[in-house]
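Residues per chain are reported as follows:
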Amino acid sequence: MSRVTTTITDHVAHVELSRGDKMNAVDPDMLTSLITAGEALRGNLDVRAVVLSGQGDAFCAGLDVASFAALASGDPMDIMMPRTHGPSNDYQHVSMIWQQLEMPVIAALHGVCFGAGLQIASGADIRIAAPDTRMSILEMKWGLVPDMGGMVLWPALMRADVLRRLTYTGEEFTGAEAQTYGLVTEITDTPLERARELAKLIASKSPSATRAGKALVTYALQNAPDAALLEESRAQATLIGKPDQMEAVMANIQKRAPKFG
């Protein structure tokens, strides 16, 4: 059963967690549906930006504990350790897929964003949250640690001491507080509206430059400065003089909106 709805309009894909009656809690069907939705966008040249949001009163309340009770009945090593998507298992890929997409992903957060939901949102390039969004690295409440990509994603966003405190305590914090931690990019009372506005703006730019920009930022975060400097030059050389770049130049000279192929 699909728990995710994807619509594509004007080069923007809107991926919506659509289990609103359960605060979009992640059960096995949601896990599979999110991975499928993300994979379906991989390599889609028509999509220039993605908005990720939750239906109803929450972005995502975390794992549906009842649905994953089977994890405790079997051997967790047999379930958690197999790598199903390169370096990740399914539980990690549901967050990492959004980083792997070629186009920018913007998460719109409201209501609650706990545990698994926070890790999924952290896979996005940008997070827009309502100031009163309730957030938590909730796993410690259940005697667990984050295991859905958070420990790859969060060190690039938060200071180590803040990450340690939030992980050790499982304490709840607001969207406004999350912005001071580095977890949230912008605060607004209308996060979905702002996410769509930002996605529209991104979609109006050169698609090849936008993809190259995302890849370059990711590369710079994962590699040494010397390698990043070389990658800057390589990426730029692939863009200069190509159709998208020439159209961007001509549109600016002619003071019109660009028309990219």
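Rules used in this analysis
- Residue positions are given per chain, counting from 1 as you read along its sequence in written order.
- Totals for whole chains, interfaces and linings use every residue, but because this is a predicted model, local features are given only for residues with pLDDT of at least 70 and side-chain atom pairs only at 80 or more, for both listing and counting.
- As a convention, hydrogens and water are excluded, and side-chain values are obtained from all of the structure's heavy atoms.
- Should DSSP find at least two bridges between two strands, the strands are regarded as paired.
- Counting from the N terminus, the helices are the DSSP runs of H or I reaching at least four residues and the strands are the DSSP runs of E reaching at least two.
- Relative accessibility under 20% of the residue-type maximum defines a buried residue, over 50% an exposed one, and the middle range a partly exposed one, all with a 1.4 Å probe and only protein chains included.
- Using protein atoms alone on a 1 Å grid, points that fit a 1.4 Å probe yet trap it form a cavity, whereas open point sets bounded by protein on both sides within 12 Å along at least five of seven lines form a pocket; residues with an atom within 4 Å of a point count as lining.
- Grid points are joined across faces, edges and corners, and a volume is the space filled by probe spheres set on the points.
- Gly falls in the polar group here, along with every residue not listed as nonpolar (Ala, Val, Leu, Ile, Met, Phe, Trp, Tyr, Cys, Pro) or charged (Asp, Glu, Lys, Arg).
- In this analysis an axis means a line fitted to C-alpha atoms, helices contributing only their contacting stretch, and an angle means the value between N-to-C directions, from 0 to 180 degrees.
- Helix crossings are classified by the rotation of the near helix relative to the far one: an anticlockwise turn of less than a right angle makes the crossing left-handed, while a clockwise turn makes it right-handed.
- By definition, residues are in contact when any of their heavy atoms lie within 4.5 Å.

Visitor: Explain the sheet that holds strand β7 (residues 134-136) here, please?
Guide: In a beta sheet, neighbouring strands are held together by backbone hydrogen bonds and run either parallel or antiparallel to one another. Pairing within the open sheet is mixed, and its 3 strands lie in the order β5-β7-β8. At either end of the open sheet lies a strand with only one pairing partner, and these are β5 (112-114) and β8 (173-174).

Visitor: What's the story with unusual backbone geometry in this structure? I'm lost.
Guide: For residues besides glycine, phi is generally negative; the peptide bonds are generally trans as well. Located in the positive-phi region is His11, a residue other than glycine, with phi close to 70°. Along the polypeptide, His11 turns up in the loop between β1 (4-9) and β2 (12-17). You can call His11 partly exposed: its relative accessible area is 28%. One non-glycine residue, Asn24, lies in the positive phi region at around 60°. Here Asn24 lies in the loop between β2 and α1 (28-41).

Visitor: Just to check I follow, could you spell out the layout of surface pockets for this structure?
Guide: Unfilled space is identified by rolling a water-sized probe across the atoms. Volume-wise, the second largest pocket comes out at about 440 Å³. In terms of lining residues, the second largest pocket is bounded by 19 residues, among which Gln99, Asp125, Val217, Thr218 and Leu221 are the most central. Of all the elements in the fold, those that place two or more residues in the lining of the second largest pocket are α4 (90-100), α6 (150-153) and α10 (207-222). The leading source of residues in the lining of the second largest pocket is α10, at 7 residues. For the lining of the second largest pocket, the residue count by class is 9 nonpolar, 7 polar and 3 charged.

Visitor: Sorry, what's going on with the packing of α1 against α4 here?
Guide: Angle between the axes and distance between the axes: these two values describe a pair of packed helices. Between α1 and α4, the least distance of the axes is 9 Å, while the angle of their chain directions is 35°. As for the relative orientation of α1 and α4, their crossing is left-handed in sense. Counting all contacts with α1, which are made through Leu31, Leu34, Ile35, Gly38 and Glu39, the residues of α4 involved are Asp90, Tyr91, His93, Val94, Ile97 and Trp98. A per-class count over the contact of α1 with α4 returns 7 nonpolar, 2 polar and 2 charged.

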